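Next come the chains, spelled out residue by residue.
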Amino acid sequence: MAETKVDTETPKMKPRPIVRLGIFLISHSLIVSVVCCTAGVLALFLLPVLAKNTYISENALMPGSASSMLSNYDISEANRLAKDLSRLSPGSKDSGIESRRLLAMYMSDLGAEVSYHKFLPQPSQFHPLHFFSSPDSGIIAENISCSSYGINTIGIIRAPRGDGKEAIVLVTPYNFGKNDPSETLSLTTAYSVFSLLTRVTWLAKDIIWLVADSTYGEYASVASWLRDYHTPTFSGLASLNDDICENIYVLKENSDPQRKLSYDFRRAGTMAVALVVKVTDKNELWDDTLHIFAEASNGQMPNLDLINIVNYLAVHRQGFHVKVQKFCSLMDKRWLEILGNTFELLGKLARSLNPDWKFGIPGADYIEGTATLASSLYYQALGIPTGSHGAFRDFQVDAITLEISPKVSSNNARRNEFILQGGRLIEGVIRSVNNLLEKFHQSFFLYLLTSPSKFVSVGVYMVAFALLVAPLPLVAASLYADANGLDLGIKTDQSSPSEPTVSDEMDISFKTWKWLKAAKEVFLVHAWGLVVWLLPLYICQIPDCSPTTSLVTWVLLSMLSLLMLYLILGYQISPASRCQKGEWAMLKSVTISAVFIGLLLMSVVNFATAEIGAMLMVPTCLMAQPLKLDIRTGNLRSSLRAICNLFLVFIAFPPVAFFASKVIFEGADSINVGDLWNWVESLWAWNSATYIYIGMVHLPCWVLCLHILLHSC
């Protein structure tokens with residue numbers, strides 16, 4: 001009987017499903033890229049449709065649950081303060097001192113603890129190592145004249161039901177030497193509330209009223225006071241030399257020793273909320289308008305509940321017309337109107353099929369929501385505070401600026417009504433925050449506004465960013481495999497498999513290290529980006545240099561440094577160099593990987609910057625291919641791809657993108673070459689992380705994409 005031969009060879013294991021899925025996506029990266037990028041852009045335009053109505057998450061806030069206690073007595077006291085301030089002659093040498101003394105006297109008469117705080121405003125300078133921190137370094141220079149100092153006036157009310165561990169801050173910017181009617185009206189509105197809060201029995205948190213000296217800017221005075229509040233320094237008026245600082249000496253000598261006036265720095269509890277109150281004389285025609293400004297440094301936003309209670313009390317209790325920033329120039333765009341009408345028709349069609357499908361909004365609402373969303377996205381990406389409230393976010397304090405505009409002039413007979421209306425709004429917000437037993441945490445910190453009462457949460461708008469960047473690792477892996485000749489196909493026929501030889505393994509090992517050359521090229525270009533990033537540190541030291549001259553100098557030095565890099569290492573990174581097969585594909589693979597990593601890191605710091613950067617750089621990187629290849633082919637598809645590449649690399653160039661945005665949002669008449677330098681200067685002066693992204697990620701990757709387009713292969 002013949003023996004049966006048993007095959008004892010162990011069959012090869014099939015790849016895991018997740019590996020097979022990854023290989024499938026990589027091998028079809030072109031289709032995945034088109035689908036994901038299209039879906040990402042569409043998701044971005046759908047955000048105004050997907051916006052939800054705001055709601056108050058923290059039940060303890062209870063806005064509007066109690067009747068206002070602000071009375072005509074508080075209004076009359078506030079008017080008396082305004083009348084006494086108006087008697088002082090503005091512009092005189094002693095007007096500022098007398099204004100501070102008068103305000104301190106009124107605060108002290110209410111029983112508040114009054115103190116002064118001197119500060120020295122810091123000039124805007126480029127500090128490469130001070131990013132992600134407050135723009136004010138806090139270093140007081142020596143041999144500074146006393147006329148250079150600003151002086152804040154602070155009043156503190158100790159809460160009768162509190163333990164002194166928490167405080168609410170009320171800020172009113174005021175130029176003591178100018179006596180502006182609008183600033184006086186904001187001061188009297190805040191004083192009416194302060195007067196009331198000294199008598200109430202329900203107060204559980206200390207009240208700090210900071211009258212910020214806006215002589216040297218609103219932000220500088222608030223930021224300096226906050227820095228001294230949170231650091232163990234004692235820089236009251238007592239630290240100044242009375243013999244040298246004559247104005248400080250007069251301020252101290254003319255004070256009443258019986259009053260609660262201190263020359264040392266006074267503190268209250270941990271800050272829960274800060275409200276910056278401003279009155280602007282814009283002469284609104286229809287209603288008293290409340291503008292809410294919330295953006296802080298590097299896209300930080302206050303807790304949404306704070307905006308919600310302000311909006312609720314302003315609309316439903318005091319009858320304000322609430323506004324947030326929006327790009328009004330987008331309201332007249334024809335393409336946006338067509339898009340809004342399209343979504344409106346789709347919404348009607350969806351509701352006709354199923355009444356439960358709540359999709360689509362009116363076309364007019366979509367246009368306004370898009371203009372507001374674009375503004376919210378832009379100002380968050382800019383990373384520059386939209387008001388002095390931004391100084392509080394640097395210390396993790398929720399703060400907003402309330403800019404109130406009466407429908408008539410501040411000198412009108414409606415003054416008392418306006419003070420009562422604005423004062424009750426501030427009182428209602430303070431009373432709601434007073435109910436909290438802990439800091440704001442229930443609602444959102446990451447969101448985009450489409451109106452004062454509608455928002456898009458991070459869980460919604462991050463989908464657009466995720467769809468845009470999803471193809472990057474797939475395309476990078478696909479290019480890497482093509483450049484190394486790797487087979488990504490999944491073999492199902494495993495009969496008589498051939499064993500790899502030693503020479504094959506050495507060849508594969510050699511090929512897999514080809515990426516090091518491309519990585520070195522990418523690293524060198526990013527090192528050049530670091531040089532470009534640091535150049536303004538030296539350019540801004542050139543005396544009497546206009547913005548246009550500074551910009552031209554920056555561009556010329558950047559091009560010169562790039563040319564030097566090409567000359568020194570031209571045999572490696574010059575587009576005219578002779579390349580091996582697949583060299584540009586490997587360079588593109590590493591470039592895409594660098595863009596992917598940079599965008600992910602930036603999304604942690606400032607999501608709005610990463611979103612806008614992804615819209616510009618992802619299509620540019622994915623489409624990049626040597627123009628010579630398309631020219632050689634000569635068909636319609638290759639010609640269209642070459643045109644798209646040229647357009648994308650043109651629009652993704654940072655100066656072009658800046659001026660294109662100015663044309664879209666402000667019109668062609670607003671273009672000025674020096675505006676680009678002023679814009680960049682504001683980014684580094686405010687330590688915006690967006691400047692880091694442009695210099696260290698966007699610009700080097702753009703140069704690498706241009707290098708790929710000009711490749712000789």
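Along each chain, residues carry numbers from 1 onward, in the same order as the chain's sequence is written. Two thresholds apply to this predicted model, a pLDDT of at least 70 for residue-level local features and 80 or more for giving and counting side-chain atom pairs, whereas whole-chain, interface and lining totals are computed over all residues. Note: side-chain values were computed over all heavy atoms of the structure, leaving out hydrogens and water.

**Side note on the overall build of the protein chain**
When helices and strands are tallied, the protein chain shows 25 helices and 12 strands. Note on classification: 1.4 Å probe, protein chains only; a residue is buried when its accessible area is under 20% of the maximum for its type, exposed when over 50%, partly exposed between these limits. Going through the 713 residues of the protein chain one by one, you find that 50% of them count as buried. Only heavy atoms matter for contacts: two residues are in contact if any of them lie within 4.5 Å across the pair. Taking the contacts inside the protein chain whose residues are at least 6 apart along the sequence as the reference set, 84% of them involve residues at least 24 apart. The Shrake-Rupley method, run with a 1.4 Å probe sphere, supplies the accessible areas, and residue values consider only the shown protein chains as cover. Carbon and sulfur atoms make up 61% of the accessible area of the protein chain, which amounts to about 34200 Å² in all. Strands are runs of DSSP state E lasting at least 2 residues, helices are runs of H or I lasting at least 4, and numbering of each runs from the N terminus.

**Some thoughts on unusual backbone geometry**
Even without glycine at this site, Met62 takes up a positive phi of about 45°. With respect to the secondary-structure elements, Met62 resides in the loop between strand E1 (52–53) and helix H3 (72–87). A relative accessible area of 44% places Met62 in the partly exposed class. Even without being glycine, Asn298 reaches a positive phi, approximately 55°.

**Concerning the packing of helix H9 (residues 334–353) against helix H10 (residues 363–382)**
For the pair H9 and H10, interaxial distance at closest approach is 8 Å and the crossing angle is 130°. Comparing their axes, H10 and H9 come out oblique. For the crossing formed where H9 meets H10, the hand is right-handed. Here Leu336, Glu337, Leu339, Gly340, Asn341, Phe343 and Glu344 of H9 lie close against H10, whose contacting residues are Gly363, Tyr366, Ile367 and Thr370. Residues of the contact of H9 with H10, tallied by class, amount to 5 nonpolar, 4 polar and 2 charged. The axes used here are C-alpha line fits, helices contributing only the stretch in contact, and every angle between their N-to-C directions lies in the interval 0 to 180 degrees. If an angle is under 35 degrees, it is roughly parallel; if it is over 145, roughly antiparallel; if it lies from 65 to 115, roughly perpendicular; otherwise it is oblique. In a left-handed crossing the near helix is turned counterclockwise from the far helix by less than a right angle, and in a right-handed crossing that turn is clockwise. Throughout this entry, Asp, Glu, Lys and Arg are counted as charged residues, while Ala, Val, Leu, Ile, Met, Phe, Trp, Tyr, Cys and Pro are counted as nonpolar. The remaining residues, Gly among them, count as polar.

**Let's talk about the environment of Phe455**
Tracing the backbone through its elements, the reader meets Phe455 in strand E12 (residues 454–457). It is 9.5 Å that separates the C-alpha atoms of Phe455 and Gly369, two residues lying 86 residues apart in sequence. Excluding anything up to four places from it in sequence, Phe455 contacts Ala51, Lys52, Asn53, Thr54, Tyr55, Leu304, Phe444, Tyr447, Leu448, Leu449 and Thr450.

**What about the sheet that holds E12?**
Following DSSP output, two strands are said to pair if at least two bridges run between them. Read from one edge to the other, the open sheet built from 3 strands follows the order E1-E12-E11, with strand pairing classed as antiparallel. Each of the sheet's edge strands pairs with one partner strand only, and the pair in question is E1 and strand E11 (447–451). Note: E11 against E12, 4 bridges, orientation antiparallel. Note that in E12 the partner of Tyr447 across the bridge is Ser457.

**Some points on helix H17 (residues 547–568)**
Residues spaced three or four apart along an α-helix face the same direction, because each turn holds 3.6 residues. To estimate the expected span of a helix, count its residues, drop one, and scale the result by 1.5 Å. Its 22 residues give H17 an end-to-end C-alpha distance of 31 Å, which sits within 8% of 32 Å, the value for a rise of 1.5 Å per residue. All buried positions along H17 are accounted for by Ser550, Leu551, Trp554, Ser558, Ser561, Leu562, Leu565 and Tyr566. Looking straight down H17, one finds that the buried residues subtend no more than 145° of arc, so they occupy a single side. Pointing more than 90 degrees away from the buried face of H17 are the exposed residues Leu556, Met559, Leu567 and Ile568. Relevant arc is that of directions from the helix axis to the C-beta atoms, nothing else.

**What to know about the packing of aromatic side chains**
Centres within 6.5 Å are what make two rings of Phe, Tyr or Trp a pair, Trp counting through its six-membered ring; a difference in plane orientation under 30 degrees is then read as stacked, over 60 as edge-to-face, and the rest as tilted. Summed over all chains, the structure comprises 23 aromatic pairs. Taken together, a centroid distance of 5.8 Å and an interplanar angle of 80° make the contact between Trp554 and Trp677 edge-to-face. Placement of Trp554 in helix H17 and of Trp677 in helix H24 (residues 673–685) is noted, with a sequence separation of 123 residues between them. Taking the relative accessible area as the measure of exposure, Trp677 reaches 3% and is therefore buried. Here a set of aromatic residues connected by ring pairs shows up, and it is made of Trp533, Trp554, Trp677, Trp684 and Tyr691.

**Examining H3**
Spanning 16 residues, H3 covers 23 Å between terminal C-alpha atoms, matching the ideal 22 Å at 1.5 Å per step. Of the residues making up H3, those classed as buried are Asp74, Ile75, Glu77, Ala78, Asn79, Leu81, Ala82, Asp84 and Leu85.

**Thoughts on the pattern of salt bridges**
The rule for a salt bridge is simple: a side-chain nitrogen of Lys or Arg has to be within 4 Å of a carboxyl oxygen of Asp or Glu. Going through the model one piece at a time under the given rule, you end up with 17 salt bridges. Taking the shortest distance from any N to any O, the salt bridge between Glu166 and Lys205 comes out at 3.6 Å. Taken together, the positions of Glu166 in strand E4 (residues 166–174) and Lys205 in the loop between helix H5 (181–197) and strand E5 (206–213) put the pair 39 residues apart, joining distant regions of the chain. Lys278 is paired through a salt bridge with Glu218; the nearest N and O atoms lie 3.3 Å apart. Here the residue Lys278 occupies a position in strand E7 (residues 270–279), and Glu218 occupies one in helix H6 (residues 218–230), the gap between them amounting to 60 residues.

**Topic: the pairing of E11**
Of all 5 residues that make up E11, 5 are buried, and the element is covered over most of its length. The turn joining E11 and E12, which pair antiparallel and follow one another in sequence, is formed by 2 residues.

**Description of the state of the cysteines**
In this description, the term disulfide denotes a pair of cysteine sulfurs within 2.5 Å. In total, this model carries 0 disulfides according to the counting rule given. Cys540 provides the cysteine sulfur closest to Cys545, a residue in no disulfide bond, and the two sulfurs are 9.9 Å apart.

**Some thoughts on the environment of Ile367**
Looking at the element boundaries, Ile367 is found in helix H10. For Ile367 and Cys328, which are 39 residues apart along the polypeptide, the C-alpha to C-alpha distance reads 9.9 Å. Here Ile367 is in contact with Leu330, Met331, Leu336 and Glu337, once residues within four sequence places are set aside.

**Let's talk about the environment of Ser558**
Position of Ser558 relative to the elements: it lies in helix H17. Judged by relative accessible area, Ser558 falls into the buried class, the value being 9%.

**Focus: the nonpolar core**
Judged by nonpolar contacts, the single largest core of 80 residues is most densely connected at Leu472, Trp528, Trp554, Ile592, Leu599, Met617 and Val618. Considering every element that reaches this core, the biggest residue donor is helix H25 (residues 689–709), with 12 residues. In this view, Trp554 contacts Val532, Leu535, Pro536, Ile539, Trp677, Val680 and Tyr691; residues no more than four positions away in its chain are not counted. Among buried residues, those of type Ala, Val, Leu, Ile, Met, Phe, Trp, Tyr and Cys that are joined through side-chain atoms within 4.5 Å constitute a nonpolar core. If you look at the next biggest cluster of nonpolar residues, it comprises 70 residues, including Leu103, Ala272, Ala294 and Val322.

**Quick word on the confidence of the model for the protein chain**
Mean pLDDT over the protein chain stands at 82; residues scoring 70 or higher make up 81%. pLDDT runs from 0 to 100 and stands for how confident the predictor is about each residue. Across residues 240–244, where pLDDT falls below 50, the model places 7 contacts with residues more than four positions away in sequence or in other chains.

**Topic: the packing of helix H16 (residues 515–539) against H17**
Taken N-terminus to C-terminus, the directions of H16 and H17 make an angle of 150°; their axes are 10 Å apart at the nearest point. On the basis of their axis angle, the class for H16 and H17 is roughly antiparallel. Along this stretch, H16 crosses H17, giving a crossing that reads as right-handed. Residues Leu524, Trp528, Val532, Leu535, Pro536 and Ile539 of H16 pack against Ser550, Thr553, Trp554, Leu557, Ser558, Ser561, Leu562 and Leu565 of H17. Here the residues of the contact of H16 with H17 sort into 10 nonpolar, 4 polar and no charged.

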